[in-house]
Amino acid sequence: MVDAARQPRIDVRTYTEVEKVEGFVGNFKVTLREKAKHVLADRCNGCGDCAKVCPVEVPNYFEMNLAPRKAAYVPMSQSVPLIYNIDLDACIHCYKCVEACGPLEAIDFSQEDKLVEEDIGAIIVATGFSHFDPSVMEEYGYSRYPNVITSMEMERLNNSAGPTAGNLIRPSDHKNPKRLAFINCVGSRDKRYNPSCSNFCCMYSIKNAVLLKQMNPDVDITIYYMDIRTPSKGYEEFYDRARELGIHFTQGRPSMITEDKETHNLFVHSEDITLGKVIEEEYDMVMLNQAAIPQPDQDHMSSVLNVAQSPGGWFMEYHPKLRPMDSPTDGIFFAGACQGPKDIPSSVAQGSAAASRASRILNSEKWEIEPTVAVVWPERCSATTRGRACGICAKACPYGAINIFSPEIPAEVVTAKCHGCGACVAECPEDAITQLHYTDAQILAQMRALLADKPEEKILAFRCHWCSYGGADLAGTSHFEYTANERGMRVMCSARMDTDFIYEAYRLGAGAVLYSGCHPQDCHYITGQLIGAKRAERLKKMFERMEMTDGRFRVEWISAAEGDKYARVLNEMQTVLDNMDKDELRAEIERLKPDMEKRLKKFPNVPGVSESMAYSDTLVSAINTQKKEPA
Amino acid sequence: MSHSGSSQSFADEVKAIPGGEFVELCFSCGTCVSKCMIQQKLEPEYNPRRLLRMVIMDMKEDAFDSPTTWLCSACDLCYPACPQQIHISGVITAVKEIAVEQGGKTTLKTAAVDQQTCVSCGLCAEACPYEAISLVQTKVPYRGLVQVAQVDPGKCMACGLCSAVCRSTSIGVPDDYTDKALMENLWDWLQPEGVTF
Amino acid sequence: METKPKIALFQCQWCLYSEPDQYWVDHNLPPSIRLMKVSCTGRINTLHILNAIQGGADGVMISGCRPEKCHFKEGNLSALRQHEEFLNLLDYIGYERDRVRFVWLDLQDRGRIQQELADFENKLQELSTANTLATRINAPEGEVHV
Ligand SMILES: Cc1cc2nc3c(=O)[nH]c(=O)nc-3n(C[C@H](O)[C@H](O)[C@H](O)COP(=O)(O)OP(=O)(O)OC[C@H]3O[C@@H](n4cnc5c(N)ncnc54)[C@H](O)[C@@H]3O)c2cc1C
Ligand code: SF4
Ligand code: SF4
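As the structure is a prediction and not an experimental result, all values here were calculated from the model. (Residues numbered from 1 in each chain as written. Chains lettered and ligands numbered in written order. Predicted model: local features only at pLDDT ≥ 70, side-chain atom pairs only at ≥ 80, totals over all residues. Heavy atoms only, no water.)

### Re the overall build of chain C
From N to C terminus, chain C includes four helices and four strands. When the elements of chain C are put in sequence order from the N terminus, they spell out β-α-β-α-β-α-β-α. Counting over 146 residues, chain C shows a buried share of 52%. Across chain C, the fraction of contacts at a sequence separation of at least 24, relative to all contacts at a separation of at least 6, is 76%. For chain C, the accessible surface area stands at approximately 6,800 Å², while carbon and sulfur atoms represent 50% of it. (Helix = DSSP H or I, 4+ residues; strand = E, 2+ residues; numbered from the N terminus. Buried < 20%, exposed > 50% of the residue type's maximum accessible area, 1.4 Å probe, protein only. Contact = heavy atoms within 4.5 Å. Areas by Shrake-Rupley, 256 points an atom, 1.4 Å probe, with all protein chains shown as cover.)

### Concerning the site of ligand 3
The environment of ligand 3 is formed by 13 residues, the closest being Cys26, Cys29, Gly30, Cys32 and Cys82 of chain B. Its residues assigned to classes, the shell around ligand 3 shows nine nonpolar, three polar and one charged. (Near = heavy atom within 4 Å. Nonpolar A, V, L, I, M, F, W, Y, C, P; charged D, E, K, R; others polar.)

### Let's talk about the domain arrangement of chain A
The domain boundaries assigned to chain A delineate domain 1 (130–293), domain 2 (369–437) and domain 3 (438–627). Taking the mean C-alpha position of each, domain 1 of chain A and domain 3 of chain A sit 55 Å from one another. (Domains from an automatic or database assignment.)

### Overview of the interface of chain B and chain C
Listed per partner, the contact involves 34 residues of chain B and 45 residues of chain C. For the pair chain B and chain C, the summed buried area comes to about 3,600 Å², and 63% of that belongs to carbon and sulfur atoms. Where chain B packs against chain C, one counts two salt bridges. The partner of Arg34 of chain C in a salt bridge is Asp188 of chain B, and the shortest N-O contact between them spans 3.8 Å. In this assembly, chain B and chain C are joined by twelve residue pairs in polar contact (both at pLDDT 80 or more). Elements supplying a minimum of two residues to the side of chain B that touches chain C: helix 3 (38–41), helix 9 (161–165) and helix 10 (179–190) of chain B. No other element matches helix 10 of chain B, which puts ten residues into the side of chain B that touches chain C. Here the residues of the side of chain B that touches chain C are counted per class, giving 24 nonpolar, six polar and four charged. (Buried area = accessible area lost by both parts, 1.4 Å probe. Salt bridge = Lys/Arg side-chain N within 4 Å of Asp/Glu carboxyl O. Polar contact = N/O pair within 3.5 Å; in protein donor to acceptor, adjacent residues only side chain to side chain.)

### Some thoughts on the sheet that holds strand 1 (residues 7–12) of chain C
All names here are of chain C. As summarised here, the arrangement of the four strands in space is 2-1-3-4, forming an open sheet in which the pairing is parallel. For this open sheet the edge positions go to strand 2 (33–38) and strand 4 (100–105), each flanked by a neighbour on one side alone. Averaged over all pairs of adjacent strands, the angle between strand axes in this sheet comes to 20 degrees, irrespective of strand direction. Looking at chain direction, strand 1 and strand 2 are connected through six bridges and run parallel. Counted as the bridge partner of Phe10 is Met36 from strand 2. Where helix 1 (residues 19–27) meets the sheet, its contacts fall on strand 1 and strand 2, and the angle it forms with strand 2 comes to roughly 115 degrees. Taken strand by strand, helix 4 (residues 112–126) contacts strand 1, strand 2, strand 3 (59–65) and strand 4, and its axis lies near 165 degrees from that of strand 4. (Pairing = 2+ DSSP bridges. Axes fitted to C-alpha atoms, helices over the stretch in contact; angles between N-to-C directions.)

### Focus on the interface of chain B and chain A
Taken together, the contact pairs 19 residues of chain B with 18 residues of chain A. Interface area for chain B against chain A, summed over the two sides, is near 1,500 Å², with a carbon-plus-sulfur share of 49%. In this assembly, chain B and chain A are joined by one salt bridge. A salt bridge links Glu271 of chain A to Arg49 of chain B, with the nearest nitrogen and oxygen atoms 2.6 Å apart.

### A look at the pairing of strand 4 of chain C
Walk down a regular strand and you will see the side chains alternate between the two sheet faces. Residues and elements named next belong to chain C. Looking at chain direction, strand 3 and strand 4 are connected through six bridges and run parallel. Paired with Gly64 across the strands is Trp104, a residue of strand 4. On the question of chirality, the crossover connecting strand 3 to the parallel strand 4 by way of helix 3 (residues 75–93) is right-handed. (Right-handed = clockwise from strand over helix to strand, strands pointing away.)

### Thoughts on the confidence of the model for chain C
Summing up the model confidence of chain C, the mean pLDDT is 83 and the portion of residues at 70 or higher is 86%. ipTM for the predicted complex: 0.87, alongside a pTM of 0.85. (pLDDT = per-residue confidence, 0-100.)

### A few points about the state of the cysteines
Residues and elements named next belong to chain A. Counted by the stated rule, this structure contains one disulfide over all chains. Note on cysteine connectivity: Cys467 is disulfide-linked to Cys518, with sulfurs 2.3 Å apart. Judged by the torsion about the S-S bond (95 degrees), the Cys467/Cys518 disulfide is right-handed. On the criterion of sequence distance, the pair formed by Cys467 in the loop between strand 24 (459–464) and helix 13 (468–477) and Cys518 in the loop between strand 26 (512–517) and helix 15 (528–545) is long-range, its members being 51 residues apart. With no disulfide of its own, Cys44 lies closest to Cys50 among cysteine sulfurs, the gap being 6.5 Å. Of the cysteine sulfurs around Cys202, a residue in no disulfide, the closest is that of Cys185, at 5.9 Å. (Disulfide = S-S within 2.5 Å.)

### Observations regarding helix 2 (residues 46–54) of chain C
Taken residue by residue, helix 2 of chain C has His48, Ile49, Ala52 and Ile53 of chain C as its buried positions. Down the axis of helix 2 of chain C, the buried side of the element spans an arc of 130 degrees, and every buried residue falls inside it. The elements touched by buried residues of helix 2 of chain C are helix 10 of chain B together with strand 1, strand 3, helix 3 and strand 4 of chain C. (Arc of directions from axis to C-beta.)

### Thoughts on the site of ligand 2
The environment of ligand 2 is formed by 13 residues, the closest being Cys397, Cys418, Cys421, Gly422 and Cys424 of chain A. In the shell around ligand 2, the residues fall into ten nonpolar, three polar and no charged.

### Observations concerning the packing of helix 14 (residues 499–507) of chain A against helix 17 (residues 582–599) of chain A
Residue and element names in this part refer to chain A. Contact geometry for helix 14 and helix 17: axes closest at 8 Å, N-to-C directions at 145 degrees. Of the two possible hands of crossing, helix 14 and helix 17 adopt the one that is left-handed. Along the contact surface, helix 14 presents Asp500, Tyr503, Tyr506 and Arg507, while helix 17 presents Ile589, Lys593, Met596, Glu597 and Arg599. (Left-handed = near helix turned anticlockwise from the far one by under 90°.)

### Things to note about the packing of aromatic side chains
Residues and elements named next belong to chain A. In this structure the tally under the stated criterion is 19 aromatic pairs over all chains. Both rings, one in Phe129 and one in Phe200, keep their centres 5.2 Å apart while their planes meet at 55 degrees; by these two values the pair is tilted. Of this pair, Phe129 sits in strand 9 (residues 129–131) while Phe200 is found in the loop between strand 11 (179–186) and helix 5 (201–215), placing the two residues 71 residues apart along the sequence. With a relative accessible area of 27%, Phe129 lands in the partly exposed category. (Phe/Tyr/Trp six-rings, centres within 6.5 Å; stacked < 30°, edge-to-face > 60°.)

### Section: the pattern of salt bridges
Where charged atoms from two side chains of opposite charge come close, those side chains can pair. Summed over all chains, the structure comprises 60 salt bridges over all chains. One salt bridge connects Arg386 of chain A with Glu430 of chain A, and the closest N-O pair in it is separated by 2.2 Å. Pair noted here: Arg386 of chain A is in the loop between helix 9 (382–385) and helix 10 (392–396) and Glu430 of chain A is in the loop between helix 11 (423–427) and strand 23 (433–435), with a separation of 44 residues, a long-range link. We note a salt bridge from Asp179 of chain B to Arg43 of chain C, for which the minimum N-O separation is 3.0 Å. A residue pair is termed interchain when its members come from two chains, as with Asp179 of chain B in helix 10 and Arg43 of chain C in the loop between strand 2 and helix 2. In terms of burial, Asp179 of chain B and Arg43 of chain C fall into one category: buried.

### Description of helix 4 of chain C
Residues and elements named next belong to chain C. The terminal C-alpha atoms of helix 4 lie 21 Å apart, and with 15 residues this matches the ideal 21 Å at 1.5 Å per residue to within 8%. Among all positions in helix 4, only Ile113, Glu116, Leu117, Phe120, Glu121 and Leu124 are buried. Seen along its axis, helix 4 keeps its buried residues to an arc of 140 degrees; they face one direction. In this structure, the buried side of helix 4 is in contact with strand 1, helix 1, strand 2, strand 3 and strand 4. (Expected span 1.5 Å × (residues − 1).)

And the structure:
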């Protein structure tokens with residue numbers, strides 16, 4: 001940290017919050033709120049005389065409130081830069097500090113928050129994690145029993161720079177505890193609170209046990225666990241060492257802690273699973289390894305930065321395996337626990353990776369992005385045709401990449417921000433936007449080729465690039481058998497699955513159509529799937545009203561890992577077709593055709609579509625004649 | 001134990017009964033066991049975690065023989081404590097249902113009715129937390145066809161609530177905590193001088 | 001030496017005492033207190049309490065699980081209902097209702113049963129010594145009918 005502060009090209013802004021992020025990769029405009037410290041950074045030399053004279057004491061957050069601090073304070077002794085801060089909520093305005101500071105005149109009570117705007121090329125988010133408050137778990141008595149502490153409190157109590165100078169004492173009587181219990185998974189792996197694993201508690205629980213045991217071999221330590229997770233290099237060996245040192249491991253999740261009112265000793269009730277027997281053991285002190293949870297302001301930060309969140313609330317990476325340090329927004333990267341709980345080695349690795357990713361941007365003249373971006377045909381936008389831009393595209397875009405400056409000016413795509421999901425393209429009621437490499441015309445040509453021959457036997461499956469396409473792929477590589485009548489169509493996101501494509505498929509006489517994409521939480525385009533899903537629901541209801549046979553239009557969310565599901569869904573759709581009388585099916589197709597045609601009336605006007613139709617007609621007849629002529 | 005893929009496994013049977021759906025989520029963490037008072041106060045072999053395990057591992061016979069199947073009173077102390085939010089007593093009840101269907105019998109001494117004195121007032125049926133009592137037309141010696149209380153041993157948990165409300169002392173759990181035992185215990189202690197029996 | 005009030009202690013067999021508390025109740029109760037275990041407080045017939053009082057007990061304490069923690073779903077609520085009615089009866093016949101006490105205990109209430117009993121003992125000592133139930137009848141000779 002000190003090194004970072006010394007490096008001339010690193011500017012450390014402490015006590016500063018990000019208020020607003022605008023712009024795009026390489027060209028962000030970031031508004032920062034530099035909060036008032038009431039101490040002038042360029043004058044304070046960190047001597048601490050102000051804190052010495054300050055008469056006010058409040059709990060010290062850094063010491064987990066186990067020690068006091070003054071109203072004039074630094075968060076911790078190693079703070080970088082070492083600039084004091086006056087806590088106005090606690091200050092009684094005696095001005096003793098001003099006196100103590102003397103000729104330096106570093107204290108300025110009139111200072112106010114300052115908003116500054118900076119040009120930023122790339123952003124690395126490293127906001128870390130927060131801690132689950134175990135006092136909501138009544139059964140463990142935290143905050144009711146003085147000697148039940150959290151792991152963070154333990155970190156301070158056995159730290160030589162902590163409030164007790166590393167002398168582990170228990171809160172009730174300040175005696176050194178001899179019998180300690182550590183309880184893992186407090187609020188983690190618990191559907192009532194946080195279903196996920198917090199990743200590092202098993203290891204720090206072992207670490208603390210080993211540290212305490214090395215300092216004082218007399219202490220008796222038991223770690224209660226459901227599973228011990230030691231998945232990294234050297235971790236299992238460390239676990240072994242803990243066992244060699246005589247630390248006890250009891251498999252069994254305690255159901256309750258009770259306290260002796262007089263001695264404040266604690267009794268941990270659990271089943272010892274290996275014995276199959278309920279045990280009640282007495283301890284002097286119990287440490288709860290509380291779950292790692294997202295920061296309380298994580299939702300707010302995610303909307304400021306316009307990055308998505310995974311189901312647990314952590315920031316969502318672009319790709320879990322291949323791009324774990326990238327956010328879905330170009331130029332914004334993640335480092336450390338903000339993206340999901342991880343220990344220091346993994347946080348550092350991710351941080352270094354994010355830094356090198358960011359430096360690629362800072363050192364490039366030009367920045368290449370995926371070519372599949374959206375483009376507006378200004379002459380088709382309702383701003384031009386009717387003098388009023390409807391703004392539907394801007395609302396659909398998960399990245400805020402579409403600007404509508406005024407109703408008369410056609411929508412504008414900020415190419416650098418566009419990720420190519422195609423939501424705007426499919427949503428635009430005027431067909432005024434197209435997506436390069438996934439134009440309506442291109443998709444149409446593919447569809448027509450796929451449905452050229454005996455369309456009523458075919459199942460046209462729209463798959464999104466990231467999930468259901470992968471699922472289909474996996475079904476293939478895993479040799480899950482599924483119907484040979486499936487014809488797959490890839491688009492980038494379910495958001496691109498235009499209603500026109502579906503109508504066209506039925507107009508061409510398709511037997512069935514599958515509308516598939518990622519599960520909502522897996523969407524690669526933040527909210528693309530939601531847009532696709534809403535549209536799919538609308539279509540489903542409409543087809544119901546048209547009395548289309550149930551199952552001929554199917555909507556399924558299939559992840560890249562669900563090859564079995566892909567195969568099952570396709571087979572089920574095949575069964576629907578098999579169970580239909582062929583003539584009945586043909587009659588239904590014919591019955592619905594006029595309706596589809598009506599809905600597609602404007603479709604041929606889309607640039608390229610009629611050409612594509614003419615071209616594919618030739619293609620289709622070529623395919624059909626070739627088929628009929630024996631080779 | 002069998003892992004035959006085709007036929008319906010024991011877990012499938014249990015999952016098909018409402019309450020048994022989530023049995024396979026069990027971590028085997030033991031929270032339920034240490035919440036439960038039965039192992040600690042009554043039956044050392046009692047263990048809900050193991051019963052869930054038996055269901056998952058297709059150990060039907062062992063499950064039917066386990067006291068857990070028969071002694072769970074559905075007090076649901078464990079339910080709010082389970083980190084997987086499994087309704088454990090729901091699973092156990094499902095196992096019991098299957099066991100009863102396939103001829104299993106409870107190991108509990110369930111309540112019995114004295115058909116000679118029962119007046120069919122129905123107070124016991126109202127008091128029973130398990131809805132194990134119904135009033136049924138029965139042929140009773142000397143009394144003929146009359147309506148008397150009848151206990152379903154598949155449901156009765158031997159709590160004795162019925163005997164506390166019965167005004168004609170016609171129903172109760174035969175062995176444990178009988179009125180007689182209670183009163184003698186009291187008398188033993190109080191025993192006003194000079195009076196013995 | 002002052003004689004201690006006689007207390008009949010009805011305990012539900014599930015009642016969530018911690019191990020040492022339960023051991024104390026099972027093995028180390030002073031002779032002035034008699035333990036009567038029942039399957040559930042809902043199992044207690046008002047007759048049992050009445051008999052205890054008539055037989056010469058100075059007070060009756062009923063200890064059961066907390067309402068939502070009854071081993072038999074709702075047995076202790078049923079007990080409470082009966083108990084309240086019974087207290088009204090005591091009022092009616094002019095017997096101090098304070099001599100019958102209902103307590104709810106939890107496993108987390110370590111050591112509370114001892115304290116509750118001590119409190120109750122004090123309370124009983126405060127009450128008048130003329131505690132004989134007006135309708136008190138001497139136990140009949142011979143067989144006891146229950
Ligand atoms: C009790 C305990 C013991 C542990 N022991 C070990 C161990 O021995 N070894 C190990 O490898 N790991 C250990 N860990 C895990 C370790 O703490 C994490 O891996 C590590 O802290 C993650 O680093 P980070 O930088 O991502 O997040 P953090 O350390 O959480 O840092 C995030 C920083 O961002 C700041 N911040 C948050 N929001 C904002 C915002 N909006 N604007 C500006 N700043 C913000 C926070 O104030 C904080 O300073 C332990 C964890 C716990 C709970
Ligand atoms: S919705 Fe998708 S295609 Fe349209 S502008 Fe936004 S990112 Fe690009
Ligand atoms: S508490 Fe839940 S997860 Fe744990 S053993 Fe019992 S049923 Fe299984």
